[in-house]
Amino acid sequence: MKANEKQIKKKFDQLSAETEPKKNMLKDCINAFIVGGIICDIGQFVFNFFLSMGIPKEEVGTYVSIVMVFIGALLTGVGVYDRIATFAGAGTVVPITGFSNSIVSPAMEFKKEGYVFGVGAKMFTIAGPVLVYGLSTSVLVGIIYYILKII
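Residues numbered from 1 in each chain as written. Predicted model: local features only at pLDDT ≥ 70, side-chain atom pairs only at ≥ 80, totals over all residues. Heavy atoms only, no water.

K.L.:
Tell me what's going on with the nonpolar core, and back it up with residues and numbers.
P.N.:
Counting residues in each nonpolar core, the largest one holds 10 residues, listed as Val35, Ile39, Val46, Phe50, Ile55, Val60, Val64, Met68, Tyr81 and Ala88. Going through the elements one at a time, helix H2 (25-52), helix H3 (57-77) and helix H4 (80-88) are the ones with two or more residues in this core. A total of 4 residues in this core trace back to one element, the largest contributor, which is H2. Residues contacting valine 64, with those up to four places away along its chain left out, are Gly43, Val46, Phe47 and Phe50. (Core = buried A, V, L, I, M, F, W, Y, C linked by side-chain atoms within 4.5 Å. Buried < 20%, exposed > 50% of the residue type's maximum accessible area, 1.4 Å probe, protein only. Helix = DSSP H or I, 4+ residues; strand = E, 2+ residues; numbered from the N terminus. Contact = heavy atoms within 4.5 Å.)

K.L.:
I'd like a description of the packing of H2 against H4, backed by residues and values.
P.N.:
At a closest axis distance of 8 Å, the pairing of H2 and H4 adopts a crossing angle of 135°. Considering the angle they form, H2 stands oblique to H4. Touching Asp28, Asn31, Ala32, Val35 and Ile39 of H2 are Tyr81, Ile84, Phe87 and Ala88, all from H4. Of the residues that constitute the contact of H2 with H4, the class distribution is 7 nonpolar, 1 polar and 1 charged. (Axes fitted to C-alpha atoms, helices over the stretch in contact; angles between N-to-C directions. Parallel < 35°, antiparallel > 145°, perpendicular 65-115°, else oblique. Nonpolar A, V, L, I, M, F, W, Y, C, P; charged D, E, K, R; others polar.)

K.L.:
For the environment of lysine 27, give the residues involved together with the corresponding values.
P.N.:
Inspection of the secondary structure assignment puts lysine 27 in helix H2. Exposure remark for lysine 27: the relative accessible area of 47% places this residue in the partly exposed category. Here the alpha-carbon distance between lysine 27 and alanine 88, two residues 61 residues apart in the chain, equals 9.6 Å.

K.L.:
Explain the packing of aromatic side chains to me, using residue names and the numbers behind them.
P.N.:
Summed over all chains, the structure comprises 2 aromatic pairs. Relative to tyrosine 63, the ring of phenylalanine 50 has its centre 5.6 Å away and its plane inclined at 50°; by these criteria the two rings are tilted. Of the two residues, phenylalanine 50 is situated in helix H2 and tyrosine 63 in helix H3; the sequence distance between them amounts to 13 residues. According to the relative accessible area criterion, phenylalanine 50 is buried, its value standing at 14%. Through a chain of ring-to-ring contacts, three or more aromatic side chains come together here, namely Phe49, Phe50 and Tyr63. (Phe/Tyr/Trp six-rings, centres within 6.5 Å; stacked < 30°, edge-to-face > 60°.)

The following block contains the structure:
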């Protein structure tokens, strides 16, 4: 039985290697760089737009984050973000829109289960750990900053 399992595994590995799509790493890196740069350019445009409206510079970052998360969620909801991500790969993961996409995508998959137990519950499946670690880290950094400021 062991020899048969090894043959099956070997054949499976061979078939997997043959059918696996070949990736062009240079092309993928260029696509990620271009799309990630475009996303950052859009963020900079939104930043400059809010500054030109007279919003204080200290507040503009918050508004830009809100707008970029909204754009990422909207594009995910209408199915465009996934097509961009297929083309750009990691270029869509790093900016804040990637965070938005990672929260909205699981929620969209479970829309059939209802808005509370489907969309709402699955949205926090991804957001929960991110928020817990983010808040914990910010509290820890705040305490360290406070202690250093006293000293």
